[in-house]
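These are the residues of each chain, in order.
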Amino acid sequence: MKIKKQNIIPYLFILPAFVIHACIVTVPAFSTLIMSLFDWNGMGNAKFIGMDNFKEIFRDPLVKLSVIHNIEWLLVFITIPLILGFVVAILVSRLRRSQMFFRTVYFIPYVISAAVAGRIWMAYMNPYYGVNQVFGQMGWEKLAKTLWLGNPKIALFAVAFVDNWHWWGFIMVLFLGALQQVDSTLYEAARVDGANRFQELLHVSIPGIRQTIAFVLIMTIMWSFLTFDYVYIMTNGGPANATEIMATYIYKNAFVKYRAGYANALCVIQSGICIILYFLQKYISKKGGMEDE
Amino acid sequence: MKNGKKLWALLLAGTMAFSLTACGGSGNNNSADSGSTGSGEATQEENDTAGEAAADEDSGKTDSGERQKLIISCYLADDAQVAVREKYIDEPLKAAFPDVDIEIKMYSDRQSLQVEVAGGGGPDILDLDGPTDVAEFAKADKVLDLGAYADQYGWKDMFYEWAYNSCFYNDKLYSLPTSFEGMVMYYNMDVMEANGWEVPKNKDELVTLMQAAKDAGLIPIIFGNSDYQGAVDWLYSTFTSCYGGPAAIKAAMEGTGKYTDEPIKNSIQTMVDWWHEGYIGENASQSVSNMDMLAFFSEGRGPMMIDGTWASNQLLATYPECNWDSEMMPQDEAIGEILPFATGGGYAINANSKNPDLAAEVMNYLFTSLDRHYQSINEAGYQPYPLKEFDLANLQGMDAKLMDQYELLMRAQDENKIGYCSWTFYPSEMRVYMNENTDSLFLDVLTVDEYMENAQGYIDAAREAGTIPVLP
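Engineer: How would you summarise the overall build of chain B if you had to cite specific residues and measurements?
Structural biologist: What chain B contains, in helices and strands, is 21 helices and 13 strands. Per-residue burial over chain B gives 47% buried out of 472 residues. Considering only intrachain contacts with a sequence separation of at least 6, the fraction spanning at least 24 residues in chain B is 79%.

Engineer: Can you explain the domain arrangement of chain B? Please cite residues and give values.
Structural biologist: A common measure of how large an interface is: the accessible area buried when the components associate. Residue and element names in this part refer to chain B. Split into domains, chain B comes out as domain 1 (65-177 + 345-382) and domain 2 (181-342 + 414-465). Using only C-alpha atoms to locate each centre, domain 1 and domain 2 end up separated by 30 Å. At the interface, eight residues of domain 1 touch 10 residues of domain 2. Sorting elements by how many residues they give to the side of domain 1 that touches domain 2 places helix H5 (residues 131-139) first, with four residues.

Engineer: Before we move on, can you summarise the nonpolar core with the specific residues and values?
Structural biologist: As a rule of thumb, nonpolar side chains are buried together in soluble globular proteins. Within the largest apolar cluster, 166 residues are counted, with the highest numbers of intra-cluster contacts made by Val134 and Val143 of chain B. In contact with Val143 of chain B, other than residues within four places in its own chain, are Leu126, Val134, Phe137, Ala138, Tyr174, Ala348, Ile349, Asn350 and Ala351 of chain B. Counting residues in hydrophobic clusters, the runner-up holds 17 residues, among them Phe86, Val92, Trp168 and Phe175 of chain A.

Engineer: How would you explain unusual backbone geometry if you had to name every residue and give the values?
Structural biologist: Put simply, Gly238 of chain A and Pro239 of chain A share a cis peptide bond, and its omega is -10 degrees. Along the chain, the position of Pro239 of chain A falls in the loop between helix H13 (229-234) and helix H14 (246-256). Its identity is not glycine, yet Ala240 of chain A carries a phi of approximately 50 degrees, on the positive side. Unlike most non-glycine residues, Asp171 of chain B shows phi in positive territory, near 65 degrees. Within the secondary structure, Asp171 of chain B sits in the loop between strand S4 (168-169) and strand S5 (172-173). Take Asp171 of chain B: there are 9 C-beta atoms within 10 Å of it, and that puts it in the exposed class.

Reading guide: rules and limits
- Residues numbered from 1 in each chain as written.
- Chains lettered and ligands numbered in written order.
- Predicted model: local features only at pLDDT ≥ 70, side-chain atom pairs only at ≥ 80, totals over all residues.
- Helix = DSSP H or I, 4+ residues; strand = E, 2+ residues; numbered from the N terminus.
- Buried ≥ 20, exposed ≤ 12 C-beta atoms within 10 Å, placed from the backbone.
- Contact = placed C-beta atoms within 7 Å.
- Domains from an automatic or database assignment.
- Core = buried A, V, L, I, M, F, W, Y, C linked by C-beta atoms within 7 Å.

This is the structure in structure tokens:
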């Protein structure tokens, strides 16, 4: 088969980026896969141990606990910020003069670094001088005695609340941008056909931004399994491992327990979970008409 | 064709997910060999050869006349701390080694240093967290055996035996202790005096005081670890040493006893019971940070705080108005007074260093320039090196509370009232386990029996591997 010149040129344009990506992303990523088969403390010589790290992962109760926490995290993030972001985006999209103001206000938490926001919220959630003092003064004794970050039953959700506070504004801006791209003549046509606001939303707005919804869903699913910063800063996986998630457990194994080989194996498992969830979401989105076939 | 596209999509998605989660490869040219110990030995031999070559050079310049460079790692510090360090370490070093470019390099976190060393680089002298940290570098052949230098400079006779011996791993000396510290009970004397309380002399009096403080609406023993879970090692090191007894711990580590034996188990049970009673941290220690802990203590939210001797400098610098005192943990009459000891850090020589002899010479200078050292303790609150020659008489004029604390440390040392802090005397895997799971005891996620059994498992593993720390 004769290769035409015009067929080669586009590949030449993407070749430099591909080479750089292969060198600094793909090769190190695959080295993770290889190192998962070694007993390695992260510094010295590694010892090949085959699948032993993976066998240990399936016996390790903390891995199971971490995955459960990631799933709980995912359930929170796939519902609350998406619904909140979407509803507020709809409301803000109807504003004319003050739209920029609200867009900015809701987006600000997203630009605050996790380290700063995490520390601020830790102070708010401190039982001795945080919001509990306010609750106490208002006579809400039960709330005043709540240990937001110290009670294993609620600590994960307290941290998720803070990450949500940071995250939902970004989702709102994505939805708002998508809503503004929907052809206005479709709304006019719907009104001519007698559609009310809810029907406009259901039959024009949502189908119009379905690809953005699919994108947000897929990124939320993957990021929920990769999240690290707020948990690490606010609870460090505690109390009593109640907020341990895959990423913090990987970090601890790599840098606290000096078990880099095991941490690499955990990375492989984490990647596997993300890939499965990615394709599951793609399949459901296509079946549900969220994405084109 | 369609299947081909799907295959590509799968491969690309897989690569993307790996890219996002990869926590790094080996970063080490030698790291992926099939586990033969031979290569590790080869690395050590190469380093020894490099050391011999370096020995031929004078301490300042190479044969070609170029100035030698030596890098020492240190922890991240603010401007004020850097200024102090420059006065007491950087400048004296430059004066003592005028022909050497000595750089003190700050590392914001441990993993940056670890990754640099793993990659074949890093500073010549590593300022590490202590024996358990050094052991991990030693396992990887990333720090040099200092045995020959110890003979050359007579280090064995310079340091207190307990501190010097704690720096051995697999019968080889890999570091030198940069400080010694201990766990003590701090008392806020204003709170004590306001309530008419006396400093308790034994465990029973302590229980009475804790109950009185609780009844007065105070936090009996202020403690918090929300920002650093591992701070629980201050607690279990104190309780096992003071109420389990050093003899029981030593027996467990040496294999003549078990960590599950009644004395140690009961001491852990006491710690858990006191936490449940609200005596330690008022059942909210997981919501209070280390910084809060000091603030609460100095504000008088409670009369007592279990903390290390390092906290005294923080109290003096941040809360100069606080009227505090420190004593050994009130004794269990059957065991007597015990002060859990630890070495706070360790200097080791990077196996990648091109100037190991010079690094050893610089280390020797730091431990032998005692005028500089006394000045740094007296004026800047530096922790003392565990040197036999260390004489408190040279610290006259320093803060009286700090002086009292040093006297306490020296007395405990001289009278052999030494207990064991986990970060110096426990196998590192055991310490990690206990740090991660002590809160589970407090929050009833784990039973004391399970906790002790698992801890004993780590001792057994360390004994089998020959990596059990040496206890004095």
